[in-house]
Amino acid sequence: MRYSGLKVIKEALTGHKGWRPTWRNPEPKARYDVVIIGGGGHGLATAYYLAKNHGITNIAVVEKGWIGGGNVGRNTTIVRSNYLLDGNGPFYEMSLKLWEGLEQDFNYNAMVSQRGILNLVHSDAQRDAARRRGNAMILNGSGAELLDAKGVRAMYPFLNFDSARFPIKGGLLHRRGGTVRHDAVAWGYARGADLRGVDIIQNCEVTGFRIENGKCLGVETSKGFIGASKVASCVAGSSSRVMEKAGMRLPIESHVLQAFVTEGLKPVLDGVITFGAGHFYCSQSDKGGLVFGGDLDGYNSYAQRGNLPVFEDVVEGGMALIPALGRVRVLRSWGGIVDMSMDGSPFIDKTHIDGLYFNGGWCYGGFKATPASGWCYAHLLATGQPHDVATDFRLDRFRHGGMIDEKGQGAQPNLH
Amino acid sequence: MIINHPILGPRDAQEFIYLGDAALIDRPDWQADNAAEAFHDYLYLRDNPAGQHRELWFHEQGDRSWLVVTRNTVTHDILNVELARDVARARGRSK
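Residues numbered from 1 in each chain as written. Chains lettered and ligands numbered in written order. Predicted model: local features only at pLDDT ≥ 70, side-chain atom pairs only at ≥ 80, totals over all residues. Heavy atoms only, no water.

J.: Tell me what's going on with the overall build of chain B, and back it up with residues and numbers.
T.: Summing up its helical and strand segments, chain B has two helices and six strands in all. Helices and strands appear in chain B in the N-to-C order β-β-β-α-β-β-β-α. Dimensions of chain B, computed from C-alpha atoms along their principal axes, come out at roughly 45 × 30 × 20 Å. Going through the 95 residues of chain B one by one, you find that 44% of them count as buried. (Helix = DSSP H or I, 4+ residues; strand = E, 2+ residues; numbered from the N terminus. Buried < 20%, exposed > 50% of the residue type's maximum accessible area, 1.4 Å probe, protein only.)

Put into structure tokens, the structure is as follows:
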């Protein structure tokens, strides 16, 4: 399906009867050069960049459910590049640059909206930490501004500045951060990959790997065996369940992260505000709903739903920061299952099994990484070498002391 | 989630701090030849099952006991609760 302004006008005048499915729905072939497990944002982006950047088009993306039905459809749509450590900064900055050109690149409206992200600070120590992080962001080319309380007040006068516990003393502003229409990201990448010949195979669950003499020959699926020169797992949230079928134990726990959306309001919140001290962050969608969230529930879970105590904690944080929210009604809440890694950072790497590759461990920050994750995973699959900005995302980094512990919590996944 | 504490009866899970897989009770022998490898696996690798999971919870806002809770990670059903010290003793980990 191709789009143009002329087509929109024509369809508008003829009752919109000419639109066709955006991608094909093929049956799997017996063999592919690359089989990507997982039709989420990262898997589809990987297929797209393999085809576009490396000319590899004999690819299947196999998805257990429907594409975009996992975490790319369950996040709070925020994109940012505000990382501190060398292993992360250049990677996320590359991702943000790709977001900035994404819609032109795949010719699909992903509603990339760089409205700015403000991380609030409440104490001298937090201001020092924000200054240090801001300097790292500036060195990575991401840009950062340290605001004082007056600067924050000019942007968001309705915040509770004089709370006894967490008075607002300023904030770190990342103007290039913002939000993206998450479903459209999956659809745009799917369309771009499909146009280049990638087979997107939905309702096809991987049930096992065929591994002989230390080499992965393909995947067993609910639609039969599919042979592949390279198999690329890309199923964050379920990584342990899938890689267990290849006999691997991962440095990952699966946790549930909840998110919430209110009834539609008139424009009130232009950008994204994070209130880390109160475990609350919030933005407003184009439909008007306030989209907000907070901490992980904190225990291993595959349930895709959380429990009420964390909901209560999050809305308490919201009320503490924005008292005007008190009469706003919450419409929906949901949970996503995230791969929490042992240092809070992801993996894009080969495994010890020849021909089997792994991408996962994205914690609660996978959405913003989608373009760079796909780009770097495609680079690894095509060239056998990690991309320059993803060299630290090794699966064996704990063995060598190469942790990328952005939060400094150690090997305690629910605290990252 | 309600955790049925063996001593205190049913308590809200909010009173507890979660640590993780109860396999953390089985600390490797630091004098063994393969200690470095064993500690890497102990510290960083997890089974992370979908289904029954034995895990350590600390009753921080209660009697400050450690519990081993058997819980289903798909349904959040709590199936069994034991005092961690009983579990550890049964495995010869504690006096």
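J.: Lay out the environment of Ile56(A) in plain terms, naming residues and giving numbers.
T.: All names here are of chain A. Topologically, Ile-56 is positioned in the loop between helix H2 (41–54) and strand E2 (59–62). Between the C-alpha atoms of Ile-56 and Leu-173, which are 117 residues apart in sequence, the distance is 40 Å. Apart from residues lying up to four places away in sequence, Ile-56 is in contact with Asp-33, Val-34, Leu-50, Ala-51 and Ala-382. (Contact = heavy atoms within 4.5 Å.)

J.: Lay out the pairing of strand E15 (residues 289–300) of chain A in plain terms, naming residues and giving numbers.
T.: Residue and element names in this part refer to chain A. Of all twelve residues in E15, eleven are buried, a share of seventy percent or more. Where strand E14 (residues 280–284) lies against E15, four bridges are found, and the strand directions are antiparallel. Following the sheet pairing, Gln-284 is matched in E15 by Leu-290. In sequence, E14 turns back onto E15 through a hairpin of four residues, with Gly-288 there showing a positive phi of about 110°. (Pairing = 2+ DSSP bridges.)

J.: Outline the side chain of Ser163(A), supporting the account with residue identities and numerical values.
T.: All names here are of chain A. Turning to its location among the elements, Ser-163 is positioned in the loop between helix H5 (149–155) and strand E6 (170–174). With relative accessibility at 18%, the residue Ser-163 sits in the buried group. Of note is the side chain of Ser-163, whose polar atom sits 3.3 Å from the backbone nitrogen of Arg-165. Within polar-contact distance, the side chain of Ser-163 engages the backbone nitrogen of Phe-166 at 3.1 Å. (Polar contact = N/O pair within 3.5 Å; in protein donor to acceptor, adjacent residues only side chain to side chain.)

J.: Tell me about the interface of chain B and chain A, and name the residues and values.
T.: With 24 residues of chain B at the interface, the matching set in chain A holds 25 residues. Here chain B and chain A share an interface that buries about 2,200 Å² over both sides, 48% of which is from carbon and sulfur atoms. Looking only at chain B, the three residues that lose the most surface to chain A are Tyr44(B), Arg46(B) and Asn48(B), adding up to 30% of its buried area. Applying the counting criterion to the chain B and chain A interface returns three salt bridges. It is helix H1 (residues 35–44) of chain B that provides the largest number of residues to the side of chain B that touches chain A, a total of four residues. Within the side of chain B that touches chain A, the residues separate by chemical class into ten nonpolar, eight polar and six charged. (Buried area = accessible area lost by both parts, 1.4 Å probe. Salt bridge = Lys/Arg side-chain N within 4 Å of Asp/Glu carboxyl O. Nonpolar A, V, L, I, M, F, W, Y, C, P; charged D, E, K, R; others polar.)

J.: Quick one: what's the story with the packing of helix H3 (residues 89–106) of chain A against helix H6 (residues 182–195) of chain A, residue by residue and with numbers?
T.: All names here are of chain A. It is the contact of H3 with H6, at a shortest axis distance of 10 Å, that shows an interaxial angle of 45°. Classed by the angle they form, the pair H3 and H6 counts as oblique. Between H3 and H6 lies a crossing whose hand is left-handed. For the pair H3 and H6, contact is made by Trp-99, Leu-102 and Phe-106 and by Ala-184, Val-185, Gly-188, Tyr-189 and Arg-191, respectively. Among the residues making up the contact of H3 with H6, the classes are represented as six nonpolar, one polar and one charged. (Axes fitted to C-alpha atoms, helices over the stretch in contact; angles between N-to-C directions. Parallel < 35°, antiparallel > 145°, perpendicular 65-115°, else oblique. Left-handed = near helix turned anticlockwise from the far one by under 90°.)

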